[in-house]
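Listed here are the chains, written in short residue letters.
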Amino acid sequence: MRSKPSSNVSRRSALQMGSLVLLLGVQQIARGATILAVRVWPAKDYSRVTIESDTGLKTKTYFIAEPPRLAVDIEGIDLIPALRELVAKVKPDDPNISGIRVGQNAPGVVRLVIDLKQHMLPQVFTLPPVAAYQHRLVFDLYPTQVLDPLEALIAERLKDKPDQGAAADAIGDLLARQTPRPAAGKPAPDNPAPVPAAPAAPAAGADRDRPASTSPPVAQAPSDSVGAGAGGRNKTDRLIIVALDPGHGGEDPGAIGPGGTREKDVVLQIALRLRERINKIPNMRAFLTRDADFFVPLHVRVQKARRVQADLFISIHADAFFTPRPQGASVFALSEKGATSSSARWMADKENSADLVGGVNVKAKDAQVQRALLDMSTTAQINDSLKLGGAMLGEIGSVGKLHKPRVEQAGFAVLKAPDIPSVLVETAFISNPDEEAKLRSEAYQVQLADALMRGIGSYFAKNPPLARNRPL
């Protein structure tokens, strides 16, 4: 007769034990987030700190002005070696962060303190899992004092400007410096000697129907600005700016080749080589949307180019596909009416997803402003972009295979500057082992940079830069 009470006690004990296990389980989940990786991305534009975990992290942030620092309490975790790695990841040359300190502030709460070199505008946000990443906690640290990029380009040009070069014939000089196309199987020299160039055809672009830039064009006197130079060549005495946009960067590696080559690395190398060539031309300067390994949202790339009133925008990428077979370079322009092929549409969709991988603070985005900016494309801009793309494609075809023999079109978000001829160059298929090896090769990168430089010269020969309210 005593078996029933014993059975009831057993059931009660089991229930109590189950409740205890459940309670402990909840506590373990609450404090059991696993830190998968910590990363620091320093850059002049801003510095980013990323903590990746298997579950989302809850935080409380405090910004202290003097001395400037950001304190963050991360709840649900204990101090572990992975978090201590952040301390060693801050380099002395980081332009924004002087150091990071971590400590156990309370049970289940880790305090992270980011000491800053200057006053900053911090943004703290989380990102859901995407691509190869799980949950990310992101700290973006923006300097409050930002140098005007256009003023910096002008100051740099004036510093390097020769005494006698007050009104250099930039386009004529560019044509005179055109690199001869390399013979088959031979790489082009990295510092080619100038060769004579034939006079360019008379300009037909001065009356093109292109909308005003962020600083509207002004009337020009016959003795300066855009006009006919000696031998029929066109000349300008203002600074000509070519915006170079190395794709991806930072948290977004872009495509990765079978040998581990990252798209973000090779396209930056090509852009830096092209910048060297552009900057050797009198009255011409290259502006890079990123000059190091950091992430730049697509709309910010467009805004940067417009802020310096760029005359051209060239976005540099390296294709990838599901199979290793596709090969060859491609050039794309914007389309108002949809993609010209299914592959162009697929490529645009892939490139437009860069913001998701790189990590954009959605709360900081003004959706209406973004939408307005990216909906202002014009027929004139697209026509000019097709001309630029054609010039680029012809030159790239002289140093490697072409994937398509014509300029393709699709809705690339990064090409939607309404007042700048813009193209996206896919230099090769990084997913093809042979082309991956070429992209890693210094000789091939030199050939590509030379070909792109010739494409710029060829475009400007027929479409001289328009008058702008911008000094030398």
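Notes on the structure in this doc start here. (Residues numbered from 1 in each chain as written. Predicted model: local features only at pLDDT ≥ 70, side-chain atom pairs only at ≥ 80, totals over all residues. Heavy atoms only, no water.)

The next point concerns the nonpolar core. V242, I278, I314, L439 and I456 are the most contacted members of the largest nonpolar core, which has 43 residues in total. Those elements that place two or more of their residues in this core are β11 (240-246), α5 (263-279), β12 (284-288), β13 (312-319), β14 (330-334), α10 (379-396), β16 (422-429) and α12 (442-462). For this core, the leading source of residues is α12, giving 8 residues. If you look at the next biggest cluster of nonpolar residues, it comprises 28 residues, including L153, F287, L298 and A354. (Core = buried A, V, L, I, M, F, W, Y, C linked by side-chain atoms within 4.5 Å. Buried < 20%, exposed > 50% of the residue type's maximum accessible area, 1.4 Å probe, protein only. Helix = DSSP H or I, 4+ residues; strand = E, 2+ residues; numbered from the N terminus.)

Mapped onto the elements, E336 comes out in the loop between β14 and α7 (342-352). Sequence separation between E336 and G411 is 75 residues, and the spatial gap between their C-alpha atoms is 7.4 Å.

The next point concerns the sheet that holds β14. Spatially, the 6 strands line up as an open sheet ordered β12-β11-β13-β16-β14-β15, and their pairing is mixed. Looking at the sheet topology across the chains shown, the edges are occupied by β12 and β15 (408-410). Neighbour-to-neighbour, the strand axes of the sheet open up by a mean angle of 30°, direction not taken into account. Both β14 and β15 contribute to a ladder of 3 bridges, which runs parallel. Bridge pairing in β15 places F332 opposite E408. Lying on the sheet, helix α6 (residues 298-307) is in contact with β11, β12 and β13; it crosses β11 at an angle near 165°. Against the sheet, α10 makes contact with β13, β14, β15 and β16, and its axis sits at roughly 175° relative to β14, the strand it touches most. (Pairing = 2+ DSSP bridges. Axes fitted to C-alpha atoms, helices over the stretch in contact; angles between N-to-C directions. Contact = heavy atoms within 4.5 Å.)

Counting through the fold element by element, D252 comes out in the loop between β11 and α5. In terms of polar contacts, D252 uses its side chain to reach the side chain of H248, at 2.7 Å. Apart from the residues within four sequence positions on either side, D252 is in contact with Y133, K264, F295, A354, V357 and G358. (Polar contact = N/O pair within 3.5 Å; in protein donor to acceptor, adjacent residues only side chain to side chain.)

Right, let's talk about the sheet that holds strand β7 (residues 120-127) for a bit. Here 4 strands make up an open sheet; going across it, the order is β1-β2-β8-β7 and the pairing antiparallel. The open sheet is flanked by β1 (35-41) and β7, the only strands paired with a single partner. Along the sheet, successive strands turn relative to each other by an average axial angle of 10°, direction set aside. With 8 bridges connecting them, β7 and strand β8 (residues 135-143) associate as antiparallel partners. In the sheet register, V124 faces β8, and the bridge partner there is F139.

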